[in-house]
Amino acid sequence: FNDLNINYSIWAIQTSLWCIISSLMKLTIYSIMLSFPKFFENLGTNLLSSVSIYPRLELIIVMVIVPFVLNCIQVRKA
C-alpha cells in the first residue's frame, strides 16, 4: 500500500461531494422535522413511554440503538 500514488485532486473532489451530500441529507431531515414537529414529538413520546422510568435505558435507546439500526438500514439500501 503506497501513499505516493494517491491522486489528491480526485480525493478532494470525492471528499467535497461527500460533504455536500451529507449536508443536504441533514438539511432535508431537519426541514422534515420542522414541518411535522407534533408528529415526531408524539412518535417519540409513544415509543419511549414504556421505558421513561429508566432514564439510562432511554438514553441508550436514543443514542445507541436507534442510530445503529438506522445506519444498518441506510447501508443495506446503498
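Rules behind the numbers
- Residues numbered from 1 in each chain as written.
- Predicted model: local features only at pLDDT ≥ 70, side-chain atom pairs only at ≥ 80, totals over all residues.
- Heavy atoms only, no water.
- Helix = DSSP H or I, 4+ residues; strand = E, 2+ residues; numbered from the N terminus.
- Buried < 20%, exposed > 50% of the residue type's maximum accessible area, 1.4 Å probe, protein only.
- Areas by Shrake-Rupley, 256 points an atom, 1.4 Å probe, with all protein chains shown as cover.
- Salt bridge = Lys/Arg side-chain N within 4 Å of Asp/Glu carboxyl O.
- pLDDT = per-residue confidence, 0-100.
- Phe/Tyr/Trp six-rings, centres within 6.5 Å; stacked < 30°, edge-to-face > 60°.

Here we come to the overall build of the protein chain. When helices and strands are counted, the protein chain shows three helices and zero strands. Along its sequence from the N terminus, the protein chain presents helices and strands in the succession α-α-α. A total of 78 residues make up the protein chain; the buried ones form 5% of that total. In the form shown here, the protein chain has an accessible surface area of approximately 7,400 Å², with 71% of it arising from carbon and sulfur atoms.

All chains considered together, the criterion is met by one salt bridge. A salt bridge links Lys 38 to Glu 41, with the shortest nitrogen-to-oxygen separation between them at 3.8 Å. In this pair, Lys 38 and Glu 41 are both assigned in helix H2 (residues 37–48), three residues apart and thus about one turn of the helix distant. On the basis of relative accessibility, which here comes to 54%, the residue Lys 38 falls in the exposed class. On the basis of relative accessible area, Glu 41 is assigned to the partly exposed category, the value being 46%.

On to the confidence of the model for the protein chain. Averaged over the protein chain, the pLDDT score is 91; the fraction of residues at 70 or greater is 94%. Across the protein chain, the secondary-structure element scoring lowest on mean pLDDT is helix H3 (residues 55–77), at 90, and the one scoring highest is helix H1 (residues 8–35), at 95.

Turning to the packing of aromatic side chains, a few remarks are in order. Between two aromatic rings, the relevant description is the distance of the centres plus the angle of the planes. Enumeration according to the criterion identifies one aromatic pair in this entry. Note on Phe 39 and Phe 40: the rings are 5.1 Å apart at their centroids and 75° apart in plane angle, and the pair reads as edge-to-face. Residue classification places Phe 40 among the partly exposed positions, given a relative accessible area of 31%.

Quick look at the environment of Glu 58 now. Structurally, Glu 58 can be placed in helix H3. Sequence separation of Glu 58 and Leu 48 is ten residues, and the distance between their C-alpha atoms is 6.9 Å.

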